[in-house]
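# Architecture at a glance
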Amino acid sequence: MQALPQYDYIFALGMIFAFLDAWNIGANDVANSFATSVSSRSLTMKQAMMIATVMEFTGAVTVGARVSDTIRSKIVSANAFVDQPAVLALGMLCALVGSSTWLTVATAIGLPVSTTHCITGGVIGMGIATVGVKGVSWSWEKKGVAQIVASWVIAPAIAGGFAACIFLVTKYGVLKRSNPLKWGFVMVPIYFGITSGILTMLIVWKGAASLDLDNWNAAQICGTIFGVAGTVMLLIATFFLPWLYRKLQYEDWTIKWYHIFQGPLLLKRGSVPDPPEGVNIQIVQDYYHGHATREDLEAARIDQNVIANMEHFKATKEAQLAGEGTDETEAVKRSAKESGKTLENLEKEDAGPWYLPKNLRKTLWSAFMHGVDRDIVEEQSKAQSGSLLIGDIVDMHARAAHFDNKTEHLYSFLQVLTAATSSFAHGANDVSNAIGPLATIFLIWHEGTVAKKSPVPIWVLAYGGSGIVIGLWTYGYNIMRNLGNRLTLHSPTRGFSMELGSAVTVVMATRLAIPISTTQCIVGATMGVALCNGEFKALNWRMVTWCYAGWLLTLPIAGVISGCLMGIIINAPDWSGSAV
């Protein structure tokens, strides 16, 4: 039974705004883990969402507790609220309101912001409103605001450095060699081992408080990390590599995914049969489809506006030709035009209202898949060239080199693993932004005291993880399309380097209990890889500036909302009833 039932409304409102905050974390920060994978075509939107659902939730529940303690108790000292614990609960509610309000606005306008900044600003604002400036932990030694602010600069730089090193090794060790596919086969098992080792490190390296691994010694931790990495390398080399070799080197169009389990036996498979007559077999997709090289643009000597006009003329001409032989279709079109309605609207009218039993199943499915049934790469490319934020996206992409397509395909599998690792790390780090304050509210409401060290309940972690996943499915596409190819040209090798560099940085931060911004990590990693093209204009600096502007505005705006709300409530006059 709760110790402070008179404050049930604070707990109830805390649940609501914590979920809103978690929903926005999923909707805004989803680009951290999967914008690169989707933009490089390594994953479809549906595949990304399914992987993210598992990894975000698992990371939040298993590793999220350690970072949550930093947000909950280390920014504002809990000692100041020992005599009035309900005031601290109210303050955390105001912090959630300030954070979720600004996050909702930023997500709606397509501004990728740091959710860590949001809740940090909210907690600082409520702290200043209650205990004053001196009551907020600003110092580096106590892991206060100074350490968090420093991470805003340090995290992008470290992530960019890691990502650049990884891509340069891949670029000159594999992609620019005379036989890149051969060297790609050599590097794939190694990278699989490294990535799986990092994921294991995140779980066992004194990160997963809920798994009770804090008593493990160095030998157990190192043995587990290297054991998992070595096992993965062995499995990849034994089973996956022969399958890749058969598919890419021999261009075996008959091979299926389940043939992986045959392992080395695939090397003894017979010759590849000829494809059926008239059937065009595509072994791997074109990862650079729709992206022209610099040489292509210079050879054509056609600017983007002319291309757009030509495409519009072609589409118009095709539509006219298609309609000449179908009088019935023309009549429908003419009727729709005269009535001012589109064909889609006429079809909807024929189907009837959405709530009819025959339409209900389709309506529910459409609502559920609203944020998933989208072509993010197509939406990124539809941006108007020359706009304030996008600039000349065709020219920017043309400044990035195109590499061997089969070798890129090798790294698409690696990118799936790095995306899953980044997603796990994201769930571990960013769930604290929503459930840290909620954990404080719950513990005060349930126990009636302020405890310096109290475990974060599993159901609170699960609640925050669920909110992240729902936000990701329903509105994650909005921020995702603003990053990716709008920052720089993406391909599997580039995306793999970005995600692995970002994941390494987040692992380090989680180990040190520093709530860094995963948004800044992936943007920093993207900048590092983009600059490896050797072209300053291969990176969209306007979009980078847009991201940094959002980060700079976030902390003060969330702090002002939270602080003002807290100040108004605690200093409000008492109402004793109407005069008789």
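That block above? That's the structure.
Residues numbered from 1 in each chain as written. Predicted model: local features only at pLDDT ≥ 70, side-chain atom pairs only at ≥ 80, totals over all residues. Heavy atoms only, no water.

This part is about the overall build of the protein. The helix and strand tally for the protein stands at 19 helices and zero strands. For the protein, buried positions account for 51% of its 580 residues. Counting only carbon and sulfur atoms, one obtains 63% of the accessible surface of the protein, whose full area is about 26900 Å². (Helix = DSSP H or I, 4+ residues; strand = E, 2+ residues; numbered from the N terminus. Buried < 20%, exposed > 50% of the residue type's maximum accessible area, 1.4 Å probe, protein only. Areas by Shrake-Rupley, 256 points an atom, 1.4 Å probe, with all protein chains shown as cover.)

This part covers the pattern of salt bridges. Side chains carrying opposite charge are able to pair once their charged atoms draw close together. For the structure shown, the criterion picks out five salt bridges. Across the pair D252 and R269 runs a salt bridge, and its minimum N-O distance is 3.1 Å. One end of the pair, D252, is in the loop between α7 (218–249) and α8 (294–300); the other, R269, is in the loop between α7 and α8, and 17 residues separate them in sequence. In this structure, R399 and D395 form a salt bridge, with 2.9 Å as the shortest nitrogen-oxygen distance. In this structure R399 comes out as buried when scored by relative accessible area, which is 17%. Shared partners join several salt bridges into a network, and the residues in it are R246, D252 and R269. (Salt bridge = Lys/Arg side-chain N within 4 Å of Asp/Glu carboxyl O.)

Turning our attention to the packing of aromatic side chains. Counting across every chain of the model gives 20 aromatic pairs. Measuring from centroid to centroid gives 5.7 Å for F19 and Y463, while their planes differ by 50 degrees, and the two rings are tilted. Taken together, the positions of F19 in helix α1 (residues 8–39) and Y463 in helix α16 (residues 458–480) put the pair 444 residues apart, joining distant regions of the chain. The exposure class assigned to F19 is partly exposed, which follows from its relative accessible area of 27%. Judged by its relative accessible area of 21%, Y463 is partly exposed. One aromatic cluster in this structure is built from F11, F442, W445 and W459. Positioned above the aromatic ring of W183 is the side chain of R177, whose terminal nitrogen or guanidinium carbon lies 3.9 Å from the ring centre. (Phe/Tyr/Trp six-rings, centres within 6.5 Å; stacked < 30°, edge-to-face > 60°. Lys NZ or Arg CZ within 6 Å of the ring centre and 35° of its normal.)

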